[in-house]
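Letter by letter, the chains look like this.
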Amino acid sequence: MSLVALVTLVVRDYDEAVSFYTGALGFELVEDTGRDDGSRWVVVRPRGTAGTGLLLARADGEAQAAAVGAQTGGRVGFFLHTDDFAGDHARMTAAGVRFLEEPRHEAYGSVAVFEDLYGNRWDLLQPA
């Protein structure tokens, strides 16, 4: 069996990214290890899960810096599933997360698009 363990998300700054993902989104910090080259191995994931995590990688160079916030070309590229849509939506809104639309209730579930601190688009989704 195979699974996707990590997805890299290029960020401007480790600490601001950790603060957003652990504070506003409620993720847990799984690992934050310094490396010899001055970079860090920083992994966050939704609290209480053992699934796929995000490797927060500080941009290195102009090309990577230009990709911060636009890694999926303006499309929703990340999907955060919840079993408490209303509660998580309210908590995230109170924490300053910017939702781009009002919650929608579709045949597949409740959903609302939000942006992370860099402008990457996410779905908050409670499947039906």
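Shown above is the structure to which this text applies.
The shown structure was predicted, so the numbers you read here are calculated from the model rather than taken from an experiment. (Residues numbered from 1 in each chain as written. Predicted model: local features only at pLDDT ≥ 70, side-chain atom pairs only at ≥ 80, totals over all residues. Heavy atoms only, no water.)

This part takes up the pattern of salt bridges. The tally for this structure, following the rule as stated, stands at 8 salt bridges. Note that Arg40 is salt-bridged to Asp15, the shortest N-O span being 3.0 Å. Linking Arg40 in strand β3 (residues 40–46) with Asp15 in helix α1 (residues 14–24), this pair joins segments that are 25 residues apart in sequence. With a shortest N-O distance of 3.7 Å, Asp88 and Arg91 are connected by a salt bridge. Residue Asp88 and its partner Arg91 are both found in helix α3 (residues 85–94); the two are separated by 3 residues, about one turn of the helix. Since its relative accessible area comes to 35%, Arg91 is described here as partly exposed. Here the residues in one salt-bridge network are Asp15, Asp32 and Arg40, joined through shared partners. (Salt bridge = Lys/Arg side-chain N within 4 Å of Asp/Glu carboxyl O. Helix = DSSP H or I, 4+ residues; strand = E, 2+ residues; numbered from the N terminus. Buried < 20%, exposed > 50% of the residue type's maximum accessible area, 1.4 Å probe, protein only.)

We now examine the side chain of Asp123. Along the chain, Asp123 falls in strand β9 (residues 121–127). Despite its burial, Asp123 pairs with no opposite charge, the nearest such side chain being Arg104 at 5.1 Å. Not counting the four nearest positions on each side in its chain, Asp123 is found in contact with Val76, Phe78, Phe79, Leu80, Val111, Ala112, Val113 and Phe114. (Lys, Arg positive; Asp, Glu negative; His and termini not counted. Contact = heavy atoms within 4.5 Å.)

Okay, the packing of aromatic side chains next. All told, the structure shown has 7 aromatic pairs when counted by the stated rule. Between Phe99 and Phe114, the aromatic rings sit 5.5 Å apart at their centres with planes inclined by 55°, giving tilted as the arrangement. Placement of Phe99 in strand β6 (residues 98–99) and of Phe114 in strand β8 (residues 109–115) is noted, with a sequence separation of 15 residues between them. When the ring of Phe114 is compared with that of Trp122, the centres are 5.8 Å apart and the planes differ by 15°; the resulting orientation is stacked. Each member of the aromatic cluster is reached from another via a ring pair, and the members are Phe20, Tyr21, Phe27, Phe78, Phe99, Phe114 and Trp122. (Phe/Tyr/Trp six-rings, centres within 6.5 Å; stacked < 30°, edge-to-face > 60°.)

Every buried residue of α3 is listed here: Phe85, His89 and Met92. Projected down its long axis, α3 carries its buried residues within an arc of 70°, all on one side. Away from the buried face of α3 by more than 90 degrees, exposed residues Ala86 and Ala94 are located. Taken together, the buried residues of α3 touch α1, β6, β8 and β9. (Arc of directions from axis to C-beta.)

Moving on, we come to the nonpolar core. Counting 27 residues, the largest nonpolar core has Tyr21, Leu56 and Phe114 as the members making the most contacts within it. The element that contributes the greatest number of residues to this core is α1, accounting for 6 residues. Among all residues touching Leu56, those that are not within four sequence positions of it are Leu9, Val11, Tyr14, Ala17, Val18, Tyr21, Arg40, Val42 and Val44. (Core = buried A, V, L, I, M, F, W, Y, C linked by side-chain atoms within 4.5 Å.)

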